Amino acid sequence: MKLLNAILMFFFATLVASAQMSVPIGTPLVTLSGHIKDKASGEALIGATCYIPEKVTGVISNSYGFYSISVPKGTYKVSFSFIGCEEQEHLIDLTENKELTVYLAEDTKQIEEIIVTGEQKDRNVESVEMSMEKVPVKMLKKLPTFMGEVDVLKSITLLPGIQSGGEGNSGLYVRGGGPDENLLILDEAPVYNASHLMGFFSVFNSDAIKDIQVYKGGIPAEYGGKASSVIDIRMKDGNSRDFNVDAGIGNISSRLTLEGPIIKDKWSYIISGRRTYADVLGRLVGIEEVKENKLYFYDLNLKTNIQLGDKDRIYISGYGGDDQFELGESIYMRWGNLTGTARWNHIFNGKLFSNTSVIYSKYDYNLGVPGTGAEQFDWSSEINDINLKEDITWFLNSKNTINFGLNVIYHHFEPGNISANENSFYSDLNLTNYNAMENAFYASNEQSIGSRLILKYGFRLSYFQQIGVGKVREYLNPEAPDKDEVVGEQSYEKGEKIGDPYVNFEPRISMKYTLDDASSLKASYNRMVQNLHLISNTSSPTPLDVWLPTSKYIKPLIADQVALGYFRNFKNNAFETSAEIYYKDMKNVLDYKDGAELFLNEDIETELLHGDGYSYGLELMAKKLEGRVTGWASYTLARTMRKIPGINDGKAYPSTYDRTHDISLVVNYELNKRITLSSNWVYATGNPATYPVAKYDVQGNTVFFYSDRNSYRIPDYHRLDFSLTYNSKKNETRKVKRTLNISLYNVYARRNAYSVSFKQNEDNSMITEATRLSIIGSIIPSITYNFNF
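Note that the structure is predicted; figures quoted are calculated from it, not measured.

Each value, and the rule that gives it
Residues numbered from 1 in each chain as written. Predicted model: local features only at pLDDT ≥ 70, side-chain atom pairs only at ≥ 80, totals over all residues. Heavy atoms only, no water. Pairing = 2+ DSSP bridges. Helix = DSSP H or I, 4+ residues; strand = E, 2+ residues; numbered from the N terminus. Salt bridge = Lys/Arg side-chain N within 4 Å of Asp/Glu carboxyl O. Buried < 20%, exposed > 50% of the residue type's maximum accessible area, 1.4 Å probe, protein only. Core = buried A, V, L, I, M, F, W, Y, C linked by side-chain atoms within 4.5 Å. Contact = heavy atoms within 4.5 Å. Axes fitted to C-alpha atoms, helices over the stretch in contact; angles between N-to-C directions. 1 Å grid on protein atoms, 1.4 Å probe; cavity = no way out; pocket = protein on both sides within 12 Å on 5 of 7 lines; lining within 4 Å. Points joined across faces, edges and corners; volume = space filled by probe spheres on them. Nonpolar A, V, L, I, M, F, W, Y, C, P; charged D, E, K, R; others polar. Phe/Tyr/Trp six-rings, centres within 6.5 Å; stacked < 30°, edge-to-face > 60°. Lys NZ or Arg CZ within 6 Å of the ring centre and 35° of its normal. Patch = residues over 30% accessible without salt bridge, like charges linked within 9 Å, V, L, I, M, F, W, Y side chains within 5 Å. Areas by Shrake-Rupley, 256 points an atom, 1.4 Å probe, with all protein chains shown as cover.

## Some remarks on the sheet that holds strand β12 (residues 182-186)
Taken in spatial order, the five strands make up an open sheet running β9-β16-β17-β12-β13, and their pairing is mixed. Among the strands making up the open sheet, the edge pair consists of β9 (132-134) and β13 (189-190). The pairing of β9 with strand β16 (residues 209-215) spans three bridges and is antiparallel. Across the sheet, the residue bridging to Lys 134 is Gln 213, located in β16.

See the structure below:
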C-alpha cells in the first residue's frame, strides 16, 4: 500500500506540474525543437543550451543532442551555446511548431582559455544536479600519463569523493562503496572488468570517447543496479562531414582512429583500435625471454549511426578487448570484455522523444596450464547480459521535463568450470550456473518552480528474480548456512522461479535553490539497490573474481544517501567552488569470514556474512577555468565503517575502502601557443589493514594473533606527476596536426606501499619483520607522438 501511495503521489505531482506555467491559462503554446550539433564533425552536443531571454527560459540538449522548448506564439531571439563553441542567435517567428537543427562552430579563444570543464560556465550553479562531474576528454589528454596512456578511470580519481586503490588497481571507491558498486557503462552496455594489465590501464580508449558523466549522488531514476555511483561513458558517433584520422605512438602501445561519412550528414562511422606491442618488438630484436611468452592487450571500438529521416536515427556500436598473458608452458591467462548496443531514436513530435536499446555484454576469463602433463588444466568463468531498454522523454512544457522507461535484463553466470586431460591430476569440475531476471520501471520529473527553485523527483521500481536451470542447497539453518549442515538440494527447470522475487522501491529527489546570480544551495536523496555481487576478498577487482546474483542466501545491497551542497562562482564564472556533505546508510553489506575459502567453492554462501555499513564525508572543490593557468584542487574528508555480526566481535570496524583524507591538485599552464605544462599531486590516507599483534609457539610452529579487523593502516600514499605537451608550429598552416607529449610519472620516486606483510626473521625466530610490497618505486618517463588530419 505504501508503494502504491508513493507512485500515485508522483503522478499527482506531475499532473499539478502540467498546469504550472508562467503564462495565463488558455494561452496557446508552440514548440521549437531539433538537434544541436558540432559544425565540424556533425557530432551531437550533449548538454548544449537553448535559451530565450525574453521569456527567461531555456533547456539543455539530451544525450543525443535533442532539445525542445515551448513558449507562447510570437517572434523571439533564441540563443544556442555550448562550451568551447561560438554562441549563435536566431530571430525565429514561432507562430507554429518548428524544427531547427543548429550547428555550432568551435570558438578557438574559448578552447585556449577553458580546458578543465566540459560544461556551460555557470552550469555547476544553475543545474539541479549535484555530486555529478562531467569530464572533458580534451582536458584528459593534457594531463600526465602512465606509460603514455591517457586513462579515463585514473583521471576520474582526481575528483573529490572518488578514490583509487593505488598502483596496479583499477578499482574505484566512491563515497565508501566498493569497486563492484559502480555502474560502469559504455554506450549503455555494462563493463564488468575495466582493467588492462592487471589494473595498470583501463579498457577505455580516449580517442573513441565523446562524453563522460560521473554521478556520486543525486543519481537520476533512469540509472540503477549498483549502490554507489554511475560512470556513463559515451562513444563518439563518427564524423558525418569529413574523413578524419587520429593516431598516436607511445612507449608500450599505439592507437589509430578512423572516422568519416558514408553519406554526408546522414550516415557516419568510427573505428578505433589500440594495442600494446612490447611482445612484437621483443621478438623482432631477438629478446629470448619474449619469444616463448606473451603479454599484451588490445581494444577495438566500432560505431555507426544512420539518419533514416527527420524523426528516426539508428546507432550501432560495439567494443571488444582482451588481455593475453602466457609464460611459456608454465601458465596462461586471458580475460576480456565484449559489448554491443543497438539504439533507435524516434521523435514522435516536438515534445516527445524516445530511445529503444538492445544491449549485450559479456565478461569472461581463462586460467590454466597448457600442454599434456600432469599439471594441465583450464579454468573458465563468464557473465553474460542481454538487456532491453525503453527510455522516453516528454518535454511537457518549459517548466517540466518528464522521463520514464522500462528496463529488462537477463543475466547468466558461470562462476567456474575446470576441464583437464586424462593425464592431469586435476579433475573436471563445473560449479552451479545461475540465471536471473532484473526488471525495472522508472519515472521522474524535473520541475522549475519560480525563478529560483528546481526540483527533480521520481522513483525506480526494481524486480529481481533468480530462475532455473539451477539448483539450490538447503541448510539446517538457512539464516546462517554451514557447509557441514547441508540437508538437501533442490533442482529447478529452465525458467522456473527460484525462491521469492526481490521487489524494491527506490525514491530519488534532488533540489536546487538559487541564492543569487553566482551561488546556489542543493540537496539530494536517493536509494540504490544492487543485486549483482563481486565475490572477492581483495581490495581491488582482479580478472579472476566471480560475480554472483542476489539469491536465497545473498541479499540485495541497499544504500540510502543524503547530500547537501553549496556552490559558488567568482569573477564572472572564472572560478568555481563547491562544498558537499553526505551520509550514506547501507544494508545487507557483504563481508567474509576469517580465513574464507572463495576459490571454486560450491558452497560459497557459507563463507559470507551480512551486516550494515555507513559512510559520511565532506568534499571540497575549487576550479580555475580561464587564463593561462587553469586547474583545480579537491579535498575529501571521509569515514566508512562496517558492522557485521561474526566479525570483530560485532563491533564497528573501518571498511577496506575507508580513506580519511584524499587530496588532488591539478595545474595546467599554457606557456605559449605551442607548449602546455601540466602537473598533478595526489595524497591519500593509507589503506586499512589487519596486523599481527602477538605470536605464539605451538609445537615448534609460530602462530600469529591478529588485531581487530582493519585497525591499522599501511603508509600513506602520495605521488607527483608532470607532463609537457608540444604543438608543432606548422600545425597552424598544415592539415596534419602533430603533438608530442612527454610525461614523468612518480617524479620523486616514492615507493608507495601496495601491501604490508609479516614473516619471521630467518636468523632469529623471535624477530618478526614487516615487508612492504611496492608496485612502482621509481620515476617512469614516457613519450607519445600524436597526429591527426
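## A closer look at the pattern of salt bridges
One side chain can pair with another of opposite charge once the charged atoms of both are near each other. All told, the structure shown has 33 salt bridges when counted by the stated rule. With a closest N to O distance of 3.0 Å, Glu 619 and Lys 216 form a salt bridge. In this pair, Glu 619 sits in strand β38 (residues 608-624) while Lys 216 sits in the loop between β16 and β17 (229-235), placing the two residues 403 residues apart along the sequence. When its relative accessible area of 3% is taken as the criterion, Glu 619 is described as buried. The shortest N-O distance in the salt bridge between Arg 639 and Asp 658 comes to 3.1 Å. Placement of the pair is Arg 639 in strand β39 (residues 629-643) and Asp 658 in the loop between β40 (653-654) and β41 (661-670), with a sequence separation of 19 residues. In this structure Arg 639 comes out as partly exposed when scored by relative accessible area, which is 28%. Residue classification places Asp 658 among the buried positions, given a relative accessible area of 0%. Sharing partners across several salt bridges, the network here consists of Glu 43, Asp 187, Glu 188, Lys 210, Asp 237, Lys 303, Arg 343, Lys 389 and Asp 391.

## A look at the nonpolar core
Judged by nonpolar contacts, the single largest core of 41 residues is most densely connected at Ile 156, Phe 204, Ile 212 and Ile 233. Elements supplying a minimum of two residues to this core: α4 (137-140), α5 (152-156), β11 (172-174), β12, β16 and β17. If we ignore the near neighbours within four places in the chain, the residues touching Phe 204 are Val 150, Val 152, Leu 153, Leu 184, Leu 186, Val 191, Ala 194, Ile 233 and Arg 274. Core analysis: the next-biggest nonpolar cluster, separate from the first, contains 30 residues, Trp 379, Phe 464, Ile 554 and Ile 604 among them.

## A short note on unusual backbone geometry
In this chain, Gly 468 is followed by Val 469 through a cis amide linkage whose omega measures 10 degrees. Mapped onto the fold, Val 469 is located in the loop between β29 (453-467) and β30 (470-475). Look at Asp 649: it is not a glycine, yet its phi comes out positive at around 55 degrees. Assignment of secondary structure puts Asp 649 in the loop between β39 and β40. Under the relative-accessibility criterion, Asp 649 is labelled exposed at 75%.

## Observations concerning the sheet that holds strand β5 (residues 74-81)
Taken in spatial order, the four strands make up an open sheet running β3-β2-β5-β6, and their pairing is antiparallel. Of all strands in the sheet, those bounded by a partner on one side alone are β3 (57-60) and β6 (88-94). Averaged over all pairs of adjacent strands, the angle between strand axes in this sheet comes to 25 degrees, irrespective of strand direction. Of the strand pairs in this sheet, strand β2 (residues 49-52) and β5 are connected by three bridges, and their pairing is antiparallel. Looking at the pairing, Cys 50 lines up with Phe 80 of β5.

## Some words on the pairing of β16
Most of β16 sits out of view: six of its seven residues are buried. Summarising the sheet, β16 and β17 pair through six bridges and their orientation is antiparallel. Looking at β17, one finds that Tyr 215 is bridged to Val 230.

## Brief notes about empty space enclosed by the protein
Across all of its chains, the model carries 12 cavities of 30 Å³ or more by this definition. For the largest cavity, the lining is made up of 41 residues, of which Lys 154, Thr 157, Ser 164, Tyr 717 and Arg 719 are closest to its centre. When residues of the lining of the largest cavity are traced back to their parent elements, those giving at least two are α5, β10 (162-164), β41, β42 (675-684) and β47 (717-727). It is β42 that provides the largest number of residues to the lining of the largest cavity, a total of four residues. Residue composition of the lining of the largest cavity, by class: 19 nonpolar, 14 polar and eight charged. Here the second largest cavity defines a volume of roughly 310 Å³. If you trace the second largest cavity, you find 23 residues lining it, with Asn 124, Met 132, Glu 133, Phe 567 and Ser 578 closest to the centre. Of all the secondary structure elements, the ones that give two or more residues to the lining of the second largest cavity are α3 (123-126), β9, β37 (575-592) and β38. Here the residues of the lining of the second largest cavity are counted per class, giving six nonpolar, six polar and 11 charged.

## Brief notes about the packing of aromatic side chains
Tallied over the full model, the rule gives 21 aromatic pairs. On the numbers, 5.5 Å between centres and 45 degrees between planes, the contact of Tyr 215 with Tyr 223 is tilted. On the accessibility criterion, Tyr 223 (11% relative accessible area) is buried. Taken together, the aromatic side chains of Tyr 64, Phe 66, Tyr 315, Phe 353 and Phe 395 make up a single cluster linked through ring pairs. Positioned above the aromatic ring of Phe 567 is the side chain of Lys 522, whose terminal nitrogen or guanidinium carbon lies 4.4 Å from the ring centre.

## Describing the environment of Ile 314
Tracing the backbone shows Ile 314 in strand β22 (residues 312-327). Remark: the alpha-carbon pair of Ile 314 and Glu 597, spanning 283 residues in sequence, is separated by 48 Å. Setting aside anything within four residues of it in sequence, one finds Ile 314 in contact with Thr 304, Asn 305, Ile 306, Leu 308, Arg 343 and Trp 344.

## Points about the environment of Asn 710
As for its position among the elements, Asn 710 is in the loop between β45 (701-706) and β46 (712-713). Relative accessible area serves as the criterion here: at 9%, Asn 710 is assigned to the buried category. On a C-alpha basis, the gap between Asn 710 and Ser 655 in space is 7.2 Å, while along the polypeptide they are 55 residues apart. Excluding residues that lie within four positions of it along the chain, Asn 710 makes contacts with Tyr 653, Pro 654, Ser 655, Thr 656, Pro 688, Ala 689 and Thr 690.

## A word on a nonpolar patch on the surface
Taken together, the side chains of Val 693, Tyr 696, Val 698, Val 703, Phe 705 and Tyr 712 define a hydrophobic patch exposed on the protein surface, amounting to about 550 Å² of accessible area. Mapped by element, the contributors of at least two residues to the nonpolar patch are β44 (692-698) and β45. Among the elements that make up the nonpolar patch, the one with the highest residue count is β44 (three residues). Along the polypeptide, Val 703 turns up in strand β45.

## Quick look at the side chain of Asn 680
Among the structural elements, Asn 680 can be located in strand β42. We classify Asn 680 as buried; its relative accessible area is 3%. What Asn 680 contacts, discounting residues up to four positions off in sequence, is Pro 144, Leu 665, Val 666, Arg 719, Leu 720 and Asp 721.

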